[in-house]
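Remarks on the overall topology
Residue strings, one per chain:
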Amino acid sequence: METLFIYFIKSSGLIALFYLSYYFMLRKETFFNSNRSFLVSGLLISVVLPFVTFTKTIWVKPSTENIDWSKFPASTPIENEVFEINWYLVFGIIYATGMVLFLMKFAFDFFSLSKVLKGKTIQQQADFKFVDVTENISPFSYFNYIVYNSRLYTTTELENILEHEKVHSAQNHTIDVLISRLFCILFWYNPFVWLYKKAIIQNLEYIADNEASKNISDKKAYQFTLLKITTQENCVEITNHFYQSLIKKRIVMLNKNQSNKRNSWKYATVIPALIAFVFLFQVKIVAQEKETTVIQEKNSNITAVFIDKNATEAEMKNDAKTLKEQHGITLKFSNVKRNNSGEITGIKVQYKDKEGNSGVNQFNGKDPIKPIHFYKTNTTIGFGEPNEVSMISVNKNSNGSNEYSYSIHNDNENGEEIKVEVNAPEAPERPEFNENQEVPEAPEFPGHKIDKKIIVKRITNGNAKPIIILNGKRVDSDVDISDIDPEDISSVDVLKGNHAIKRYGSNGKNGAIVITTKEINKIRNEAMKNAHKDMEMARVEMEKARPEMELAKIEMEKAMQNMRPEMEKARAEMLQMKEEMIKAKAEMEKAKAELEKERAKIKKE
């Protein structure tokens, strides 16, 4: 209920924003069709934009403080129960009641319309359906229906009325009217939505007056028709009826000079307000713990440092200082490379402790690095996680060959472990690297080529078995993966516990062995090349189309230049008409004065 309440507040505020922008900036401009688009799109944006949210992540340092929740009471006893009013429920009932009443009014208007049209003779002409009624009702249009009482008007007046209503029907103004009515039902409590509806309908009248006057030779007669229609005020609200807004405003807009196109900038004034609305109300701030921090678990012998793609030099320097001061470990970061987004794409991390243990971990590529985990326990030190460390060992088989084992060791209370052994006969000893030597991402063993196949020899995790993922697809854990050449292996990752469950759900509860071949990387690179090729072709097509676009632009400019004399001519005619109206008004005043003199003379006689 609270979420819905907040949504209606936001939407109502946006409706008020668009109305005020129209009222103060656009109401007096003659961009009638553009104003129509602005007003309708304003309503649609008002209901959609509150659903659009953006997430902003704020990185914070994780708290190492352990809170003893047992010191806090499970609940607070209530000594005296106090009755509280649920205001959300109260406002919800009031809102629903109002909406039902306005829906009933809306249904009644449809009933009134059907009553007017029922049993009437309809004359089909082109796309319009003309209905001549006998009721004393203001002329109106509803989609392609045009309703009028021909007995109330002269032939000229009726022609003027029909030209006006044809514009309403041809441009589907009924849709705008219905949309504004629906918004008045949904947001009936908002006074701005009623003003908004009035602005929409009034602008539609401006459009119809402007278009109809272009097809009428006697514009004075059209304006006198407007004055005469004011005597028929009965109308159906869901229709476009001839008399809607104040006649004085319509006549003023009908004779007003066209607005300068430079004033179109006023439409953009609403954009900064919308941007401010999004930043103030539609940005969700999420706090996330940084991974670049030294963690010393309470009552534990594990110390860990996490470096991710967003790590800053200051954070890495602080981590190295903490390790040096508290544990005597020298951690050195070098060869740091970043992309345009500030993400780390290359880095070299070296460590050395007081016992002389040392190691290096290096990444260098185009993509951001994956998180680097450095840890130290009472017995081990190195890169990886204490509970998820892929250790490599070499043992002699009974046949005299070497056996490489990728293992994951756990110090959990059950003493379980996952162990994956990869058989590679006559494999050479793994070369050792000192701290001053850079380690390539995929070390090769010179002078040796493995011809044998890779076999998952043994998998144990107590009585359970982990899943095997080959190139993103799960395979049977008992199958021999005998079609894979060791040289085609890109990586072997072993996941345990929450890390496996997070990636593979409940299927990974017993762990997971993830094998990725170089063929997948080859396919990905090929896809990237094809995508780049398609983008280049699209760019070439755009360059080819550019001359045609420039030519179209020139043609539009020529058309505008050709229209300018006609627009100037129309402006001059409007000015002349205005002068004639002023002259006619003066003559009418003069005739009125003479009439008063004659009346006074008759009274004296």
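Up top is the structure.
This text gives an overview of the structure that appears in the document. (Residues numbered from 1 in each chain as written. Predicted model: local features only at pLDDT ≥ 70, side-chain atom pairs only at ≥ 80, totals over all residues. Heavy atoms only, no water.)

Before going further, it helps to examine the overall build of the chain. On a plain count of helices and strands, the chain comes out with twelve helices and 22 strands. Within the span of the chain, comprising 605 residues, buried residues form 35% of the whole. Put simply, of all contacts in the chain between residues at least 6 apart along the chain, 64% involve residues at least 24 apart. (Helix = DSSP H or I, 4+ residues; strand = E, 2+ residues; numbered from the N terminus. Buried < 20%, exposed > 50% of the residue type's maximum accessible area, 1.4 Å probe, protein only. Contact = heavy atoms within 4.5 Å.)

Spatially, the three strands line up as an open sheet ordered β10-β11-β12, and their pairing is antiparallel. Across the chains shown, the open sheet's two edge strands, defined by having one partner strand only, are β10 (330-338) and β12 (358-364). Strand-to-strand twist across the sheet, computed as the mean angle between neighbouring axes with direction ignored, equals 10 degrees. As paired strands, strand β11 (residues 344-352) and β12 are joined by seven bridges and run antiparallel to one another. Within β12, the position partnered with K352 by the bridge is S358. (Pairing = 2+ DSSP bridges. Axes fitted to C-alpha atoms, helices over the stretch in contact; angles between N-to-C directions.)

The next thing to look at is the packing of aromatic side chains. Applying the stated rule across the entire model yields 29 aromatic pairs. Between Y23 and F24, the ring centres sit 5.2 Å apart and the planes meet at 85 degrees, which makes this aromatic pair edge-to-face. Exposure remark for Y23: the relative accessible area of 34% places this residue in the partly exposed category. Consider the rings of Y351 and F374, whose centres lie 5.1 Å apart with planes at 50 degrees: the pair is tilted. In this pair, Y351 is assigned in strand β11 and F374 in strand β13 (residues 372-376), connecting sequence segments 23 residues apart. Residues Y351 and F374 agree in their burial class; the two are buried. Ring pairing ties together the aromatic residues Y7, F8, F51, Y95, F102, F183, F187, W188, Y189 and W194, which thus form one cluster. (Phe/Tyr/Trp six-rings, centres within 6.5 Å; stacked < 30°, edge-to-face > 60°.)

Before going further, it helps to examine helix α10 (residues 313-327). Its 15 residues give α10 an end-to-end C-alpha distance of 21 Å, which sits within 8% of 21 Å, the value for a rise of 1.5 Å per residue. For α10, the complete set of buried residues consists of E315, M316, D319, A320, T322, L323 and H327. Burial along α10 is one-sided: seen end-on, the buried residues are contained in an arc of 160 degrees. Across from the buried face of α10, at angles greater than 90 degrees, the exposed residues are A314, K317, K321 and E325. Among the residues trailing α10, G328 stands out with phi positive, at a value near 70 degrees. (Expected span 1.5 Å × (residues − 1). Arc of directions from axis to C-beta.)

The interhelical angle for the contact between helix α4 (residues 155-170) and helix α6 (residues 191-214), taken along N-to-C directions, is 125 degrees, at an axis separation of 8 Å. On the basis of the axis angle, α4 is oblique to α6. In terms of crossing hand, the pair formed by α4 and α6 is right-handed. Along its contact with α4, which presents E163, H164, V167 and H168, the element α6 presents L204, E205, I207, A208, D209, E211 and A212. Taken together, the residues of the contact of α4 with α6 break down into five nonpolar, two polar and four charged. (Parallel < 35°, antiparallel > 145°, perpendicular 65-115°, else oblique. Left-handed = near helix turned anticlockwise from the far one by under 90°. Nonpolar A, V, L, I, M, F, W, Y, C, P; charged D, E, K, R; others polar.)

So, on to the nonpolar core. Side chains of nonpolar character tend, in soluble globular proteins, to be buried together. Among the nonpolar cores identified, the biggest contains 36 residues, and I15, F38, F183, F187 and Y196 are the most heavily contacted of them. Contributions of two or more residues to this core are made by α1 (2-26), α2 (32-48), α5 (173-186), α6 and α9 (270-281). Among the elements that line this core, the one with the most residues is α6, at nine residues. Apart from residues lying up to four places away in sequence, F38 is in contact with F18, S21, Y22, L26, Y196, Y267 and V270. Of all hydrophobic cores here, the second largest spans 17 residues; its members include M316, F333, V349 and F374. (Core = buried A, V, L, I, M, F, W, Y, C linked by side-chain atoms within 4.5 Å.)

As a further point, take the pairing of β13. Across the five residues of β13, four count as buried, placing the element largely inside the fold. For strand β9 (residues 303-307) and β13, the ladder comprises five bridges, and the chain directions are antiparallel. The residue bridging V305 from the neighbouring strand is F374, located in β13. Bridge analysis of β13 against strand β14 (residues 381-383) gives three bridges, and the strand direction is antiparallel.

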